[in-house]
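For reference, the chains in residue letters:
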Amino acid sequence: MQTVTIRIDGQAVEARAGESVLEVLQRLGHAPPALCHDPRLPPAPRCRLCSVEVEGQDDPVNSCALPVSEGLVVRSDSPALQAYRHQWLEALGAHCRPEDLERHPQKALHQALRAQGIAPSGQGSRVDDSHPLIHVDLARCISCQRCARVCHELQGQDVWHQLGRGEGVQLVPDSGGSLGASHCVACGACVDACPTAALVDAGGLQPERAEHWTRSVCSYCGVGCELELGTADEQVVGVRPVLDAPVNKGHLCVKGRYGQGFAQSSRRVLTPMLRREDGWQACCWDEALDEVARRLLALQAAHGADSLGVLGSARATNEDNYLTAKFARHVLGTHNVDCCARVCHAPSAAALKTLLGTGAATSSYDDIERTRLFLVAGANPNENHPVVGARIRQQLRRGAAQAIVIDPRRTELAELATVHLALRPGTNLPLLLAMAQVVLAEGLHDRDFIARRVDELEAFAVSVREWTPERAAAICGVEAEAIRQAARLYANTRPALCFHGLGMTEQGQGTEGVMALINLALLCGQIGQPGAGLNPLRGQNNVQGSAHMGCEPGSLAGGIAIEAGRARTEQVWGRALPQRPGLNLMQMLDAAEAGRVRGLLVLGYDLALSLPDSQRSWQALKRLDLLVVQDLYLNETAARFADVFLPACSTLEKDGTFMNAERRVQRVRAALRPRGQSLPDWQILGALAARMGRGEGMQFESAEAIWDEVRQVWPDGAGLSYARLDRGGLQWPCRDEDDPGTRVLHAERFGHGVRTSLRPLDYRPSPEVCDADYPWLLSTGRNLYQFNAATMSGASALQALRPTDTLDLCAADAERLGLREGQRVRVRSRRGSAELPLRIDARLQPGQLFATFHDPAVLLNRLTSSERDRWVHAPEYKVCAVQLERVPD
Ligand SMILES: Nc1nc2c(c(=O)[nH]1)N[C@H]1C(S)=C(S)[C@@H](COP(=O)(O)OP(=O)(O)OC[C@H]3O[C@@H](n4cnc5c(=O)[nH]c(N)nc54)[C@H](O)[C@@H]3O)O[C@H]1N2
Ligand SMILES: Nc1nc2c(c(=O)[nH]1)N[C@H]1C(S)=C(S)[C@@H](COP(=O)(O)OP(=O)(O)OC[C@H]3O[C@@H](n4cnc5c(=O)[nH]c(N)nc54)[C@H](O)[C@@H]3O)O[C@H]1N2
Ligand code: SF4
Ligand code: SF4
Ligand SMILES: [Mo]
């Protein structure tokens, strides 16, 4: 790091090259007030309060925009500067009301007024409380523009605009009226940027009350944003982004910012419970654990270890999940262990592992700013991975990159894309095969890369020869020319980065769909370099970690196949691993239906709500002799089917680590004490193992002690000590304490060798087709404001933003059917029906429907089909033929 020496107020100070004088002053602890400055944005001086005197210059200079340089001599304080600041602050004080200083002491203007002893003189208000999470009072606005800039430059939403000039200047949301009616996505960035009480948190947050701030990781999605949780009286009262976080760089989305209230919700269940004849009965831990231990042992004795199964939680820590997998293998003696990665990105992991040797994202989020082209296939990151979505969108808005979007809906990224391929749901394969055909037919493939790293070009070329764009276009419902354009753009733009989501994986041919993407990347040499690669946008906060810790029937911690890791794991565990292969989640359900699996322990996974074809999956759950649910809430699975409920504490109440979608392991820290009798999952599992007389190897002092065992059985994670993960985490492979971690995989060799082979693929259309009785094609997914089973988002301030699922369709179809926005409709598939309100959505194509699956009152999965991916059995949630009728008012 280059340093320079400057003199500040007569003192020599070392500074980093590139720093501003304001940053140096802030580090020294005697910075002048700086109201318009935001550490996340480039300087744009307006308030002039941070001015300093510079030797050799007549007028004061804004220190926020003054870079340090060798020999610079600065005075940060002088009678003239003080008089100037005082005068300015007095003028600004007219925008504050006297009570503001008490009520919002953390706001920069209020701190400056207090420091100068200036009493605010403002009166009047222009309140807009139309937004449930953000309180607006424009009488308090000082026109510093930070809100507008942060919204524009960080979130990319352009909600705030300044109208007029001089004294008459006014801030307005893009609706021209209220914030509630604007395009605001409630990321909250403008709230923490605002230096006055013009924008403050509503929806239960009062950051000024915080007594402690704890650095941790968001408990929602797989982006893995680092945040600081402000707490007082065992409640979360404030949330702010970590500014130096490598993942989110000072940003959060609505769930991170406003969705953390779930831990303190009154819906939490905080005592163990047993289901008796007359319903649930609270009991003590001893009773609950004895009951579970006794029944598990009895089933094991009567029907064998493989009559039992365990499901880990993608919401819990790596340490919890490692112990879950160990519980299944070491305590119960079965490989019947899985997690919800099965229904989500198991196809991605399988395809990446098979073709590239490592079942995880090849790149890093920082490649977003390095790439020239995004290929976004079946993913909607602006709602589902919003901080990544915002970063992609910003690159497109700046013109730094282009995009190809493959998605039936016109998503936010599709709006900005050079090519949007709005294919019919379920037709990824023909489209991608045709893109490969064009690449080869036009000779656009990367001959040099193929010569060095790729085999089977001939066989592959033969396999795609018949897949002309015209043939694919007819199946996919897109223009042949658009397929050609996409193929040319992808082959000719370097580097190109692919992000894919469930539109690719939750398909009958999910694994093959991802293989088709990998084939394209191999053909075009778009892998193994900065800005190029393949990236599944993993779902929950720790779904990558859950499977990677061994909650997967075929692999042990580290994603190591059982036979490859057996010796090492047996040595560390001191016990032989079972010999019989395990069942995955879907196979466990089939076995339960058939009476072969009889007992299931489910940690943090709402099967009853989220599995497809509820009628069939509920049948399986009903047949179980023992269902134990370990969760924060009595979710649908627990409420409908469980025999025992064990209260786990949330990730706000425990230590550990999460693994995000870019292979980054980050530290999670307890910000609250466990509520009620709830315990961390790993402690419950340890106690249960002890009750079963098999506690050895299951008792740990701390989450860190568990993690240290993980590092023994997983060589590629050996370097990830808690001490090294302290700030920002590290990306595996990271083999020892000196290893800086790995940003880009496959640079010189793939996981299994220097070369790999292209994989010829066939298209098999989904058996789920529309006909006269079921004429509409329904695809299912998620929205920004609710999260999966909605146990957490629904128990937080987010519930106000999207209280129910909706059935989305385009305006033309609604008009044709004589339906209005908000009207209730009944949707019926060949398997069941659900009722929900209609929502008009311009993103949809005529003839297509989209619905979310979050609301337990709707239970949308009564409609979805039991069709599965042939490789790893992920359900085909994305294709469902339905009929539609109006529910009479
Ligand atoms: N706000 C919010 N964020 C979430 C979640 C949440 O519930 N709410 N859930 C988390 C989880 S568990 C996951 S796995 C991720 C999922 O994140 P995504 O993968 O983005 O999830 P989806 O919305 O299910 O589907 C993505 C897109 O696939 C498109 N699609 C549908 N059918 C097809 C098709 O046949 N082909 C193609 N190419 N596209 C298709 C849909 O139109 C949709 O835009 O999000 C995570 N983040
Ligand atoms: N129709 C349709 N259905 C779908 C999908 C779709 O696209 N369409 N997507 C599928 C996908 S990708 C997924 S991932 C699933 C998601 O379905 P789920 O995995 O069931 O959903 P989540 O809301 O992520 O929450 C799981 C549970 O974890 C609990 N929990 C949270 N933290 C902890 C903890 O620390 N410990 C414990 N023990 N429990 C905790 C929560 O209370 C919740 O009950 O849904 C699937 N279902
Ligand atoms: S909350 Fe986010 S999206 Fe909404 S106005 Fe503020 S910065 Fe813009
Ligand atoms: S993008 Fe994901 S991890 Fe980041 S704040 Fe939003 S929900 Fe949390
Ligand atoms: Mo997921």
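Residues numbered from 1 in each chain as written. Chains lettered and ligands numbered in written order. Predicted model: local features only at pLDDT ≥ 70, side-chain atom pairs only at ≥ 80, totals over all residues. Heavy atoms only, no water.

In the annotation of an unreviewed UniProt entry, the protein chain is listed under the name Formate dehydrogenase subunit alpha and assigned to Inhella proteolytica. Note on the protein chain: under the UniProt heading Sequence similarities (unreviewed entry), the record states "In the C-terminal section; belongs to the prokaryotic molybdopterin-containing oxidoreductase family." (UniProt positions renumbered as here; feature names shortened; annotations may be inferred.)

Some points on the side chain of glutamine 540
The topology assignment puts glutamine 540 in the loop between strand E23 (533–536) and helix H21 (543–548). Excluding anything up to four places from it in sequence, glutamine 540 contacts Tyr220, Cys221, Gly222, Ala314, Arg315, Cys340, Phe787 and Asn788. (Helix = DSSP H or I, 4+ residues; strand = E, 2+ residues; numbered from the N terminus. Contact = heavy atoms within 4.5 Å.)

What to know about the site of ligand 2
Lining the immediate surroundings of ligand 2 are 35 residues, of which Arg315, Asp606, Asp631, Asp681 and Asn861 lie closest. Contact between ligand 2 and serine 610: a nitrogen atom at 2.8 Å from a main-chain N or O atom of the residue. Counting only elements with at least two residues in the shell around ligand 2, the list comes to strand E27 (626–631) and strand E33 (776–781). Tallied by class, the residues present in the shell around ligand 2 amount to 15 nonpolar, twelve polar and eight charged. Domain assignment of the residues forming the shell around ligand 2 places at least three in each of domain 2 (273–344 + 542–731) and domain 4 (776–886). (Near = heavy atom within 4 Å. Polar contact = N/O pair within 3.5 Å; in protein donor to acceptor, adjacent residues only side chain to side chain. Nonpolar A, V, L, I, M, F, W, Y, C, P; charged D, E, K, R; others polar. Domains from an automatic or database assignment.)

Section: the site of ligand 4
Around ligand 4, the neighbouring residues are Cys218, Tyr220, Cys221, Val223, Gly224, Cys225, Leu252, Cys253, Lys255, Gly256, Pro386 and Val387. Those elements giving two or more residues to the shell around ligand 4 turn out to be helix H7 (254–258) and helix H12 (386–397). Residue composition of the shell around ligand 4, by class: nine nonpolar, two polar and one charged.

Overview of the sheet that holds strand E31 (residues 730–731)
Across the sheet, three strands lie side by side as E29-E30-E31; this open sheet has antiparallel pairing. Bordering the open sheet on either side are strand E29 (656–659) and E31, each of which pairs with just one other strand. Examined bridge by bridge, E29 and strand E30 (residues 664–668) share four bridges and lie antiparallel to one another. The residue bridging threonine 657 from the neighbouring strand is arginine 667, located in E30. (Pairing = 2+ DSSP bridges.)

Considering the domain arrangement of the protein chain
On domain assignment, one finds that the protein chain holds domain 1 (3–77), domain 2 (273–344 + 542–731), domain 3 (346–536) and domain 4 (776–886). Computed from C-alpha atoms alone, the centre-to-centre distance between domain 1 and domain 4 is 54 Å.

Things to note about the pairing of strand E12 (residues 226–232)
Of all seven residues that make up E12, six are buried, and the element is covered over most of its length. The pairing of strand E11 (residues 212–217) with E12 spans six bridges and is classified as antiparallel. When the sheet's bridge partners are listed, histidine 212 is paired in E12 with threonine 231. Across six bridges, the pairing between E12 and strand E13 (residues 235–241) is antiparallel. Across the sheet, glycine 230 pairs through a bridge with glycine 238, a residue of E13. (Buried < 20%, exposed > 50% of the residue type's maximum accessible area, 1.4 Å probe, protein only.)

Looking at helix H10 (residues 346–356)
Of all eleven residues that make up H10, eight are buried, and the element is covered over most of its length. When H10 is considered as a whole, its buried residues turn out to be Ala346, Pro347, Ser348, Ala350, Ala351, Leu352, Leu355 and Leu356. The inward-facing, buried residues of H10 contact strand E22 (496–500), helix H19 (502–505), helix H20 (510–524), E23 and strand E32 (756–757). Remark: glycine 357 follows H10 within two positions and exhibits a positive phi of approximately 90 degrees.

Details of the packing of helix H23 (residues 585–593) against helix H25 (residues 614–623)
Where H23 meets H25, the closest approach of the two axes is 8 Å, and the angle between their N-to-C directions is 65 degrees. Here H23 and H25 pass one another in a crossing that is left-handed. Facing Leu589, Asp590, Ala592 and Glu593 of H23, the residues of H25 in contact are Arg616, Ala620, Leu621 and Arg623. Here the contact of H23 with H25 is composed, by residue class, of four nonpolar, no polar and four charged. (Axes fitted to C-alpha atoms, helices over the stretch in contact; angles between N-to-C directions. Left-handed = near helix turned anticlockwise from the far one by under 90°.)

Describing the pattern of salt bridges
Note on pairing: side chains with opposite charge can pair once their charged atoms come close. For the structure shown, the criterion picks out 69 salt bridges. The salt bridge involving arginine 691 is made with aspartate 286; its shortest N-O contact spans 2.7 Å. Within this pair, whereas arginine 691 is found in helix H27 (residues 681–691), its partner aspartate 286 is found in helix H8 (residues 285–303), the two being separated by 405 residues in sequence. Arginine 691 gets classed as partly exposed once you look at its relative accessible area, which sits at 34%. Judged by relative accessible area, which is 43%, aspartate 286 ranks as partly exposed. For arginine 839, the salt bridge is made with aspartate 841, and the minimal N-O distance between the two is 3.2 Å. As far as the burial class goes, arginine 839 and aspartate 841 line up, both buried. Linked through salt bridges whose partners overlap, the residues forming this network are Asp38, Arg40, Arg146, Asp192 and Arg257. (Salt bridge = Lys/Arg side-chain N within 4 Å of Asp/Glu carboxyl O.)

Considering the nonpolar core
Within soluble globular proteins, side chains that are nonpolar generally end up buried alongside one another. Formed by 170 residues in total, the largest nonpolar core has its most connected members in Phe327 and Phe374. Dropping the residues within four chain positions of it, phenylalanine 327 is found in contact with Leu296, Val310, Leu332, Leu601, Leu685, Leu688, Ala689, Met692 and Met698. (Core = buried A, V, L, I, M, F, W, Y, C linked by side-chain atoms within 4.5 Å.)

Examining the packing of aromatic side chains
What describes a pair of aromatic rings is the distance from one ring centre to the other and the angle between the planes of the rings. Using the criterion set out here, one finds eight aromatic pairs in the structure. Measuring from ring centre to ring centre gives 6.2 Å for tryptophan 467 and tyrosine 763, while their planes differ by 75 degrees; the resulting arrangement is edge-to-face. Of this pair, tryptophan 467 sits in the loop between helix H16 (457–464) and helix H17 (469–476) while tyrosine 763 sits in the loop between E32 and E33, and the two are 296 residues apart along the sequence. Here the two residues tryptophan 467 and tyrosine 763 agree in accessibility, since each one is buried. On the basis of an interplanar angle of 80 degrees and a centroid distance of 6.5 Å, the ring pair of tryptophan 707 and tryptophan 714 is categorised as edge-to-face. (Phe/Tyr/Trp six-rings, centres within 6.5 Å; stacked < 30°, edge-to-face > 60°.)

Here we look at the environment of lysine 249
Looking at the secondary structure, you find lysine 249 in the loop between E13 and H7. Each C-alpha atom, one on lysine 249 and one on cysteine 225, is 8.5 Å from the other, the two residues being 24 residues apart in sequence. Setting aside its immediate chain neighbours within four residues, lysine 249 contacts Arg40, Leu154, Val242, Leu243, Asp366 and Arg391. Polar contacts involving the side chain of lysine 249 include one to the main-chain carbonyl oxygen of proline 246, which spans 2.9 Å. Polar side-chain contacts of lysine 249 include one of 3.0 Å to the side chain of aspartate 366.

Some details on helix H2 (residues 79–93)
Between its terminal C-alpha atoms H2 stretches 21 Å, which fits the 21 Å expected from 15 residues at 1.5 Å a residue. Among all positions in H2, only Leu81, Arg85, Leu89, Leu92 and Gly93 are buried. All buried residues of H2 fall inside an arc of 100 degrees around its axis, so they share one side. Within H2, the exposed residues directed more than 90 degrees away from the buried face are Pro79 and Gln87. Buried residues along H2 sit in contact with strand E3 (51–54), strand E5 (73–75) and helix H4 (108–116). (Expected span 1.5 Å × (residues − 1). Arc of directions from axis to C-beta.)

So, the UniProt feature "domain: 4Fe-4S Mo/W bis-MGD-type" (unreviewed entry) in the protein chain
Sequence positions flagged by UniProt for "domain: 4Fe-4S Mo/W bis-MGD-type" (unreviewed entry) are, in local numbering, residues 211–267. Along residues 211–267 the backbone is 9% helical and 35% strand, and the end-to-end C-alpha distance reaches 25 Å.

A short note on the sheet that holds strand E18 (residues 373–377)
One open sheet accounts for five strands, arranged E20-E19-E18-E22-E23; its pairing is parallel. This sheet does not close on itself; its edge strands, each paired only once, are strand E20 (419–421) and E23. Within this sheet the neighbouring strands show an average axis-to-axis angle of 15 degrees, counted without direction. When strand E19 (residues 402–406) meets E20, the two strands line up parallel, connected through three bridges. Bridge assignment links valine 405 to a residue of E20, and that residue is histidine 420.

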